[in-house]
Amino acid sequence: MLKTPRQDAISIGAQQRRCNVSMVQKHRIGLAIISALLLITGIAVSKIYAQPKADAACATKFLEITPMAAACGFALSKTGTFTRDGRTLADPLVASYEDDGSGQKPVAAEQVVLFPPSPSGRFRIVQGCGGAGEDALCWQTLVLDQEKAQLQNTFAGRYGPEHWQSWSPDEQHVVLANSDEGAWWLHVIDPMSGKSHDFPADDSTENWIIEPQTLSWTGPRSFTMTIKTCEDCPAAQKEIRF
């Protein structure tokens, strides 16, 4: 049966409406795909930018680890268990000892201070603190061999070192410093054994006042630093060999 001109117009109009609906649906689908791609890209970009910042902090900052604040893969439990990437390094990490009447009892750390790693990333100085916060006493100083996942006890002053360090060019020694009532000491530590050389020595009558930032390595077992050996003495560059 032949269609009338009116029927042809209605048919063409219906086809146009179906075409328009199809175009709208395709447009909506396209927008949804673009939005999803933008969201995924945004998440990926945010991760790219966030990761270097986290890595930079792990490599350059002195970080405080507590049961409430893990960082750089390191965590500390409420009972003092110290872990890295889920692997136990110390259980517990001992901050100090107390006499309970029957002998020396270890006191678990409530906070851990992570020093920036050595140049290659293998070693890291770690402090175990008997409390949390800025006033915490960080009695225990250790060297972490991150390659072997082992902690080695060392000594860098009764109350622990300042937040400063200098690694030798061959990474066989690290210099730490601590101060007490205006006097300073340097501690040259072998990270493999934990053994330290102290300057000035225990039998010295000198009280050093040092400027740590002036340290300059002159060889694998020697460096110079600006030091005053008494309050009224002039500051001078001193070479230290060990």
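So, how was this worked out
- Residues numbered from 1 in each chain as written.
- Predicted model: local features only at pLDDT ≥ 70, side-chain atom pairs only at ≥ 80, totals over all residues.
- Heavy atoms only, no water.
- 1 Å grid on protein atoms, 1.4 Å probe; cavity = no way out; pocket = protein on both sides within 12 Å on 5 of 7 lines; lining within 4 Å.
- Points joined across faces, edges and corners; volume = space filled by probe spheres on them.
- Helix = DSSP H or I, 4+ residues; strand = E, 2+ residues; numbered from the N terminus.
- Disulfide = S-S within 2.5 Å.
- Buried < 20%, exposed > 50% of the residue type's maximum accessible area, 1.4 Å probe, protein only.
- Pairing = 2+ DSSP bridges.
- Core = buried A, V, L, I, M, F, W, Y, C linked by side-chain atoms within 4.5 Å.
- Contact = heavy atoms within 4.5 Å.
- Phe/Tyr/Trp six-rings, centres within 6.5 Å; stacked < 30°, edge-to-face > 60°.

*Asks:* Help me understand the layout of surface pockets in this model?
*Replies:* Unfilled space is identified by rolling a water-sized probe across the atoms. Space inside the largest pocket adds up to approximately 440 Å³. Lining the largest pocket are 25 residues, with Cys 138, Tyr 159, Gly 160, Pro 161 and Asn 178 sitting closest to its centre. Of all the secondary-structure elements, those providing two or more residues to the lining of the largest pocket are strand E7 (111-114), strand E12 (174-180) and strand E13 (183-189).

*Asks:* What exactly am I supposed to notice about the state of the cysteines here?
*Replies:* Think of a disulfide as a covalent bridge from one cysteine sulfur atom to another cysteine sulfur atom. In this structure the tally under the stated criterion is three disulfides. Sulfur-sulfur distance for the disulfide between Cys 58 and Cys 72 comes to 1.9 Å. Because the torsion about its S-S bond is -100 degrees, the bridge between Cys 58 and Cys 72 counts as left-handed. Placement of the pair is Cys 58 in helix H1 (residues 5-60) and Cys 72 in the loop between strand E1 (63-65) and strand E2 (74-76), with a sequence separation of 14 residues. Since its relative accessible area comes to 16%, Cys 58 is described here as buried. You can call Cys 72 partly exposed: its relative accessible area is 26%. At a sulfur-sulfur separation of 1.8 Å, the disulfide partner of Cys 230 is Cys 233. Disulfide Cys 230-Cys 233: torsion about the S-S bond near 100 degrees, hence right-handed.

*Asks:* Could you clarify how one ought to interpret the environment of Met 225 in this entry?
*Replies:* Inspection of the secondary structure assignment puts Met 225 in strand E17 (residues 222-228). Classification of Met 225 as buried rests on a relative accessible area of 0%. It is 7.1 Å that separates the C-alpha atoms of Met 225 and Glu 211, two residues lying 14 residues apart in sequence.

*Asks:* How should the sheet that holds E12 be read in this particular structure?
*Replies:* The strands making up a sheet are joined through hydrogen bonds of the backbone, oriented either antiparallel or parallel. With antiparallel pairing, four strands are arranged side by side in an open sheet as E11-E12-E13-E14. Strands at the two margins of the open sheet, each flanked by one partner only, are strand E11 (166-167) and strand E14 (196-199). Across seven bridges, the pairing between E12 and E13 is antiparallel. Note that in E13 the partner of Asn 178 across the bridge is Trp 185.

*Asks:* It is not clear to me how the nonpolar core should be interpreted in this structure. Could you clarify?
*Replies:* In a soluble, globular protein the nonpolar side chains are often hidden away together inside. Grouped together as the largest cluster of nonpolar side chains are 16 residues, with contacts concentrated most on Val 175, Leu 186, Ile 210, Phe 223 and Met 225. If you list the elements that add at least two residues to this core, you get E12, E13 and E17. Those residues within four positions of Leu 186 in sequence are excluded, and the remaining contacts are Val 175, Leu 176, Ala 177, His 197, Asp 198, Phe 199, Trp 208, Ile 210, Phe 223, Met 225 and Ile 240. Ranked by size, the runner-up nonpolar core spans 15 residues in total, among them Phe 74, Leu 89, Leu 93 and Ala 109.

*Asks:* I keep staring at the packing of aromatic side chains and nothing clicks. Help me out?
*Replies:* The way to describe two aromatic rings as a pair is by their centre distance and the angle between their planes. One pass over the structure, following the stated rule, counts seven aromatic pairs. With centroids separated by 5.3 Å and ring planes inclined at 45 degrees, the aromatic side chains of Trp 139 and Tyr 159 adopt a geometry described as tilted. Here Tyr 159 lies in the loop between strand E10 (150-154) and E11 and Trp 139 lies in the loop between strand E8 (123-129) and strand E9 (140-145), a separation of 20 residues in the sequence. Owing to a relative accessible area of 30%, Trp 139 belongs among the partly exposed residues under this scheme.

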